[in-house]
Amino acid sequence: MSRFYKASLLATVACVLGATSAFANPAEVCKDVTLNMLLETVPDTVALQKVAPEFEALSGAKVNIEAVNYSLMHEKLVPSLTASSGAYDVLVVDSYWVGEFVTAKWIQPLDERIAKDGVDTSVYFPALMDINGKIKGTTYMLPFWQYAMGLLYRKDIVEAPEFQAAYKTEFGRDWRLPETLEEYAELAKWAGKFTGKAGAAMSGQRADPVVMEATNYVFSLGADFYNREDWVPTLNSPEGIKAVTVYADLINNAAQPGALGANFDDVANALKQDKAVFAITYLFLMPTLQDPKESLVVDKIGFARMPGEDSLLGAWGWAVPSNASNPDCSWEFIKWVESKDIALKRGIAGGQPTQTWIYENADFIKAWPAMAAVGDALAHAKGLPVMSRATQLVEVFAEVMGDVLANGTDPATAITNAEDKLAALTRGDPLLK
Amino acid sequence: MQPPLYVKILTHLVLGLASAVILLPLLWVLRTSFVDRVIAYKLPPELFFTPTLDNYRTILTEMEFGKFFLNSMVVASTSTLLAVIIGAMAAYAIDRYRAGGSAMPMIILATQMMPPIVLVIPFFLIFKNIGLTDSRLGLIFAYLAFNLPYVVWLLLSFMKRVPRELDEAALIDGCTPLTAFVRIVVPAMLPGIGAATILSFVLCWNEFLFALMLTGQQTKTLPVAVSSLVTQQGTAIGAVSAATILAMLPMALLYFAVRRFLVAGLNAGAVKG
Amino acid sequence: MKSATTSMNLRAPHLARKGDELSLGFYKFVFMTPTILVMMLVVAAPLLYSFYLSLHEYIVTYGQGPFIGLGNYVLLMGREFAGVSWVTMKLTVSVVVIEFLIAFSLALLLNQSWLRFREFYLVILMLPMLMTPVAVALMFRLMFNPNLGIINWLLSLVGIPAQGWFGDPNLALATVIFVDAWTETSLMLIMLYAGLRSLPQDPVEAARIDGANAWQILRHVTLPTLRPVILVTLLIRMITALKSYDLIYILTQGGPGKTTETISFYAYRLGFRFLDIGQAAAVSFILLIAVVALTLVLLRILRER
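Note on numbering: residues in each chain are counted from 1, in written sequence order. Chains carry letters from A onward and ligands carry numbers from 1 onward, assigned in written order. The predicted nature of this model means local features are confined to residues of pLDDT at least 70 and side-chain atom pairs, given and counted, to a pLDDT of 80 or more, with totals for whole chains, interfaces and linings taken over all residues. In computing side-chain properties, one takes all heavy atoms of the structure into account and sets aside hydrogens as well as water.

**Overview of helix α8 (residues 172–197) of chain C**
Residues and elements named next belong to chain C.
Thinking step 1. Only runs of H or I of at least four residues qualify as helices and only runs of E of at least two qualify as strands under DSSP, and these elements are numbered from the N terminus. Working rule for helices: expected span equals 1.5 Å times residues minus one. The end-to-end C-alpha distance of α8 is 37 Å, a good match for the 38 Å that 26 residues give at a rise of 1.5 Å each.
Thinking step 2. Two axes are fitted around each residue, one to the seven residues ending there and one to the seven starting there, and the angle between them is reported as the bend at that residue. Of all the bends in α8, the largest measures some 40 degrees and sits at E184.
Thinking step 3. Buried, partly exposed and exposed residues are distinguished by accessible area as a fraction of the type maximum, computed with a 1.4 Å probe on protein chains only: under 20%, between the cut-offs, and over 50%, respectively. Of all 26 residues making up α8, 22 are buried, and the element is well covered by its neighbours.

**Here's the deal with the pattern of salt bridges**
Thinking step 1. Each salt bridge in this description consists of a side-chain nitrogen of Lys or Arg and a carboxyl oxygen of Asp or Glu lying within 4 Å of one another. If you walk through the whole model with that rule in mind, you get 37 salt bridges over all chains.
Thinking step 2. D224 of chain A is the partner of K382 of chain A in a salt bridge, and the nearest nitrogen-oxygen pair spans 3.3 Å. You can see K382 of chain A sitting in strand β11 (residues 381–382) and its partner D224 of chain A sitting in the loop between α11 (208–220) and α12 (238–253), a full 158 residues away along the chain.
Thinking step 3. Residue K382 of chain A is classed as partly exposed on the basis of its relative accessible area, which comes to 24%.
Thinking step 4. D95 of chain B is the salt-bridge partner of R96 of chain B, the closest N and O atoms lying 2.5 Å from each other.
Thinking step 5. According to the relative accessible area criterion, D95 of chain B is buried, its value standing at 4%.
Thinking step 6. When salt bridges with common partners are traced through the structure, they connect R206, E395, E399 and K421 of chain A together with E80, K258, E261, R269 and R273 of chain C into a single cluster.

**Some points on the confidence of the model for chain C**
Residues and elements named next belong to chain C.
Thinking step 1. What pLDDT expresses is the predictor's confidence in each residue, scored from 0 to 100. Looking at chain C, pLDDT values average 82 and 91% of them are 70 or higher.
Thinking step 2. Considering each helix and strand of chain C separately, the mean pLDDT is smallest for helix α1 (residues 13–18), with a value of 46, and largest for helix α4 (residues 79–110), with 92.
Thinking step 3. Here residues 1–19 is modelled with pLDDT under 50, and outside its nearest four sequence neighbours on either side it reaches 33 contacts, counting other chains as well.
Thinking step 4. Complex prediction metrics read pTM 0.84 and ipTM 0.79. Any two residues whose heavy atoms approach within 4.5 Å at even a single point are treated as in contact.

**Observations regarding the UniProt feature "transmembrane region" (unreviewed entry) in chain B**
Residue and element names in this part refer to chain B.
Thinking step 1. UniProt positions are given in the numbering used here, feature names are shortened, and annotations may be inferred rather than shown by experiment. Sequence positions flagged by UniProt for "transmembrane region" (unreviewed entry) are, in local numbering, residues 12–30, 68–94, 106–127, 139–159, 180–203 and 236–258.
Thinking step 2. Between the end C-alpha atoms of residues 12–30 the distance is 25 Å, and the span holds 100% helix and 0% strand.
Thinking step 3. Regarding residues 139–159, the helix share stands at 100% and the strand share at 0%, and the terminal C-alpha atoms are separated by 29 Å.

**What about the interface of chain C and chain B?**
Thinking step 1. Each side of the interface is counted separately: chain C has 104 residues, and chain B has 107 residues.
Thinking step 2. Here's the idea: put two parts together, see how much 1.4 Å probe accessible area each one loses, and the total over both is what we call buried area. Interface of chain C and chain B: buried area, both sides summed, is about 9800 Å²; carbon and sulfur atoms make up 80% of it.
Thinking step 3. Inspection of the chain C/chain B interface yields zero salt bridges.
Thinking step 4. In protein, a polar contact requires one atom able to donate a hydrogen and another able to accept it; more generally it is a pair of N or O atoms within 3.5 Å, and residues adjacent in sequence count only if both atoms are side-chain atoms. Across the chain C-chain B interface, the total number found is two residue pairs in polar contact (both at pLDDT 80 or more).

**Overview of the pairing of strand β6 (residues 142–154) of chain A**
All names here are of chain A.
Thinking step 1. Burial within β6 is extensive, with 13 of its 13 residues counted as buried.
Thinking step 2. Pairing analysis gives six bridges linking β6 to strand β10 (residues 311–319), with the strands arranged antiparallel. The residue of β10 that forms the bridge with W145 is W316.
Thinking step 3. Across five bridges, the pairing between β6 and strand β8 (residues 276–282) is antiparallel. Residue L151 lies in a different strand from β8, and its bridge partner there is I280.
Thinking step 4. Pairing geometry for β6 and strand β9 (residues 301–304), over four bridges, is antiparallel. Bridge pairing in β9 links L152 to F303. A pair of strands is labelled paired if DSSP reports no fewer than 2 bridges between them.

**Focus: the packing of α11 of chain A against helix α19 (residues 390–407) of chain A**
A pair of packed helices can be characterised by two numbers: the angle between their axes and the separation between those axes.
Residue and element names in this part refer to chain A.
Thinking step 1. For the pair α11 and α19, interaxial distance at closest approach is 9 Å and the crossing angle is 85 degrees. With respect to α19, the element α11 is oriented roughly perpendicular. On the side of α11, the interface is formed by D208, V210, V211, M212, A214, T215 and V218, while α19 contributes V394, F397, A398, M401 and L405. All axes here are fitted lines through C-alpha atoms, helices being fitted over the stretch that makes contact, and every angle between N-to-C directions spans 0 to 180 degrees. Reported orientations rely on four angle classes, namely roughly parallel under 35 degrees, roughly antiparallel over 145, roughly perpendicular from 65 to 115, and oblique for the rest.

**Side note on the UniProt feature "transmembrane region" (unreviewed entry) in chain C**
Residues and elements named next belong to chain C.
Thinking step 1. Here the UniProt feature "transmembrane region" (unreviewed entry) sits at residues 26–52, 58–76, 88–108, 120–140, 172–196, 217–239 and 277–299.
Thinking step 2. In this annotation, residues 88–108 is assigned 100% helix and 0% strand; the end-to-end C-alpha distance for the span is 30 Å.
Thinking step 3. End C-alpha atoms of residues 120–140 are separated by 25 Å, and the span's content is 71% helix alongside 0% strand.

**Examining the interface of chain A and chain B**
Thinking step 1. Counting residues at the interface gives 36 residues for chain A and 27 residues for chain B.
Thinking step 2. Across the interface of chain A and chain B, roughly 2800 Å² is buried in total on both sides, 54% from carbon and sulfur atoms.
Thinking step 3. The three residues of chain A that bury the most area against chain B are K76, Q273 and K293 of chain A, which together make up 18% of that side's buried surface.
Thinking step 4. Counting across the chain A and chain B interface gives one salt bridge.
Thinking step 5. With its nearest N and O atoms 2.8 Å apart, the salt bridge here joins K293 of chain A to D54 of chain B.
Thinking step 6. Between chain A and chain B we count four residue pairs in polar contact (both at pLDDT 80 or more) in total.
Thinking step 7. At the level of elements, β2 (62–68), α4 (70–82) and α13 (264–272) of chain A are the ones that each hand at least two residues to the side of chain A that touches chain B.
Thinking step 8. Broken down by element, the residue count for the side of chain A that touches chain B peaks at seven residues, all from α4 of chain A.

**Overview of the UniProt feature "domain: ABC transmembrane type-1" (unreviewed entry) in chain C**
Thinking step 1. The residues that UniProt annotates with the feature "domain: ABC transmembrane type-1" (unreviewed entry) are residues 85–298 of chain C.
Thinking step 2. Between the end C-alpha atoms of residues 85–298 of chain C the distance is 19 Å, and the span holds 73% helix and 0% strand.

Next comes the structure, spelled out in structure tokens:
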């Protein structure tokens, strides 16, 4: 009843205001509402917690942010989303949950709201809108964070004259950042021997760590898990097999010891403790690499886009869950949090903005100089396929990698063995029709 | 009776070694809780460093760990209290009156053999419907699901060794089963009750999955809070260590509280022959 | 010597003697009702619901599908399930046996009447159980970190080359077992120690006066009387070991490859990663049946000896 009342009130307000203001007043729909949301414990969440009181003052709503470990978010969200009334009013959705959430009808389409309130979605990087915005022509999310990946490298080491001289003797050319995956592999192996550190810090731990890293190798060589037109598995191609082979070669011959059990944290620590020269990983590690309380390599790390064709793009999007108790207010919050002013504030506080203009903002670039390279990285990046069972794709690819890395199975055989499983994941998927 | 000297030395050697295996990693945790991350990971380890209280400050002020301690404390102790009281009564009835038949103990235990992963989703849906999610009360009930069976079992094993003659004598003397239970049986199995209290408290205090699913920001318990210190962008190992150290304190208090029971021995129940 | 089976008499003679059958029923009711009630509400209901789910095709993303009988169970039978069962068996047997032997030896030593510093040892040996497994696992991940951990550094001092620990397919399971033993032995120790403390001292004294040596006393007096406590300790530990997944979750995620993937972690993956609730429930019921069978065997062996 009250929702109906509020909805009609909103409609009335919108009518009265008409063309003069496209924005409804948040106070009309949010008074005494509590907005529960689940976020990950990362700097951007802290930044959000700092600005949230502004929304509370503006709207009269209470913002209750629950922050947990990343891998626990999905576990907490799924039972809540299957319940008739959910525990959360605003969701942040990881890019490879998108298909699942849309298929299960857990999140609401936003097109009507976007049109009514005149929200401009062209401010976002198109690559982000593709994976965390519009799904099959319907907008479900506004991009929240970008998790671009690329090459982190030790500027101070590769720019040293003796390194560059030795590089020239070894490879017969002047120093340059690697342009292909093969070149990167040769460089990482050699740089490891030359410096006595690990050539590459790698994360071979099961599921997320190994998959998020190795997928960069796959995309770099132009391979993919599926043909994205007819959804036939395509990993069993010369490029796919080569990507897995190169990854295994680097784990064995260039990575830090025990890389097979390492996760993102271990990669970051290897870099921070001056134990590695290169890493293909998340750009969002930059702020912690720049923190003198944690890192020995402050100002010594550079960022470049992934060698070869593409890197893996991860992102998060804001969404309104279908079982939200007060979707109008949820939407008001999302509109507010993605408004220019607030988005910039969150970026300067260490977040990973998704709107293009922020990367040209002088204050932002001054705070995070390395972020200037993000535009280039995003232009050469693609996400995991948007499919209902993308989470499972991650598990299956992790099994392939585990088979190769731990059991020494030949990459071609391991991939062939997984083909049935890969094919089964797309079967009956409404998103792929 | 005093054993030969070499037996004594050997005994202390073994116990000392076991203690060292426990203590060394703990001291490492303690040290980590007082350093920042650069020093935490540095090898060879720096022996002389300026200790910092930053980690403690972070978790207590910025992350409100005090609240999570309190939640853990309330949930674990209430659930344990309920489990031990209810469980002792059930153990008494099962052992002395054969309540539920010979299959009863097995049935109770069999319920514990399910991986909690499967139970947690039905649990969540049921609790959501009756409004018990995001409340400490809900978690207290949920924990009864697995600490009660263990408590019953453990107490049964102790009950079996409280001689029947004891409470039978009391009954003949005119006690009701209830007073016989409270005055005779309970004191005779105090070590068992101590062990059951610790077992149940430890299970609740450390439980993770149900706490994760059934609590929210205001009601979450310590293990869930600790796990939040692991992020995609790094693990705050100093804060984890500080939280670990702080989390041990209430448990240590509990241990000293029930220690008396543990070492009480059967002689407290005045058993002779 | 009163054995565990004597209490299995079908009658409660003292009450029959009092002729008070009504009150017997009444007190049974009073004593048992709370437990039965709790078990019905928080144990039986979810258990039955998940059994129901195990008979359906249910991938959360697609919603609940049709009844497929034992389809989920049939689908599971294969190489993957055999693999995780084997790992589970290795892990469970190792931790239960290792932890029991350590805990029982330490409990016996601590129970010596002449022992000095007993309190000191007890407090220290109790500490690991005071720590949340999540935190313990994180600490050991740091200490066993091949690159930055203190353990490899200490080993390097005595000339042992760096090991991969959790990242080494041959060492990962052993390292997990070590961490498990470090954390879980205390709880076993305290239960066994409490058991020893509550033993009547008279038979021990009698045996000593009869000239029995320490080994004979242990074998013929202590062990038989302690049998119910040993049994329940082993059972509880076995069950918690079979169910636990939080250590694996943080230490290895079941890797490298599948070298540390247990049935519980597999059920977790099926349920929360593959969102296949039907199969996750089926795995759990297979585990349930296996554990009940194992328990019955264990009970029989230990009771009838």
